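Summary of structural features
So the chains spell out like this:
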Amino acid sequence: MTVVTDAFEGLFKLEAEQRGAPDLPYIVVPHPLGGIQPDAVQEKAREAAPALLTALLESGA
């Protein structure tokens, strides 16, 4: 499973397509992750957890 920030979703899709994996499962989290306080990263992770779980279950991972 890939986690990508919204600022890089387009680039991720382009790279996945060009590398022959256009259906690579991923979830999107709000940008940025770098340069923010650990508690802010943890909050983003908590908010993303349901989408991650759903994506993992749907992908059969």
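One structure accompanies this document, and this report is about it. (Residues numbered from 1 in each chain as written. Predicted model: local features only at pLDDT ≥ 70, side-chain atom pairs only at ≥ 80, totals over all residues. Heavy atoms only, no water.)

1. A short note on a nonpolar patch on the surface
A grouping of Phe8, Leu11 and Leu14 is seen on the molecular surface, where their side chains present a nonpolar patch of about 280 Å² in accessible area. Judged by its relative accessible area of 47%, leucine 11 falls in the partly exposed class. (Patch = residues over 30% accessible without salt bridge, like charges linked within 9 Å, V, L, I, M, F, W, Y side chains within 5 Å. Areas by Shrake-Rupley, 256 points an atom, 1.4 Å probe, with all protein chains shown as cover. Salt bridge = Lys/Arg side-chain N within 4 Å of Asp/Glu carboxyl O. Buried < 20%, exposed > 50% of the residue type's maximum accessible area, 1.4 Å probe, protein only.)

2. Things to note about the packing of aromatic side chains
The full count for this structure, using the stated rule, is 1 aromatic pair. Measuring from centroid to centroid gives 4.6 Å for phenylalanine 12 and tyrosine 26, while their planes differ by 55 degrees, and the two rings are tilted. Of this pair, phenylalanine 12 sits in helix 1 (residues 9-18) while tyrosine 26 sits in strand 2 (residues 26-29); the two residues are 14 residues apart in sequence, bridging distant segments of the chain. When its relative accessible area of 25% is taken as the criterion, tyrosine 26 is described as partly exposed. (Phe/Tyr/Trp six-rings, centres within 6.5 Å; stacked < 30°, edge-to-face > 60°. Helix = DSSP H or I, 4+ residues; strand = E, 2+ residues; numbered from the N terminus.)

3. Considerations on the pattern of salt bridges
All told, the structure shown has 3 salt bridges when counted by the stated rule. A salt bridge links lysine 13 to glutamate 9; its shortest N-O distance comes to 3.8 Å. Residue lysine 13 and its partner glutamate 9 are located together in helix 1, separated by 4 residues, close to a single helical turn. Taking relative accessible area as the criterion, lysine 13 reaches 46% and is therefore assigned partly exposed. Judged by its relative accessible area of 23%, glutamate 9 falls in the partly exposed class. Between glutamate 43 and arginine 46 there is a salt bridge, with the nearest N and O atoms lying 3.1 Å from each other. Here arginine 46 and glutamate 43 lie together in helix 2 (residues 38-59), a separation of 3 residues that amounts to about one turn.

4. Remarks on the side chain of lysine 44
Tracing the chain through its elements places lysine 44 in helix 2. For the buried residue lysine 44, which engages in no salt bridge, the nearest side chain bearing the opposite charge is aspartate 6, 7.1 Å off. Looking at lysine 44, its side chain comes within polar contact range of the main-chain oxygen of proline 32, at 2.4 Å. (Lys, Arg positive; Asp, Glu negative; His and termini not counted. Polar contact = N/O pair within 3.5 Å; in protein donor to acceptor, adjacent residues only side chain to side chain.)

5. Here we look at the pairing of strand 2
For a regular strand, side chains alternate in direction, first toward one face of the sheet and then toward the other. Burial of strand 2 is one-sided: the residues Ile27 and Val29 facing one way are buried, the residues Tyr26 and Val28 facing the other way are not. Here strand 1 (residues 2-5) runs beside strand 2; their pairing, made up of 4 bridges, is parallel. Note that in strand 2 the partner of valine 3 across the bridge is isoleucine 27. A crossover connection joins strand 1 to the parallel strand 2 through helix 1; in handedness this β-α-β unit is right-handed. (Pairing = 2+ DSSP bridges. Right-handed = clockwise from strand over helix to strand, strands pointing away.)

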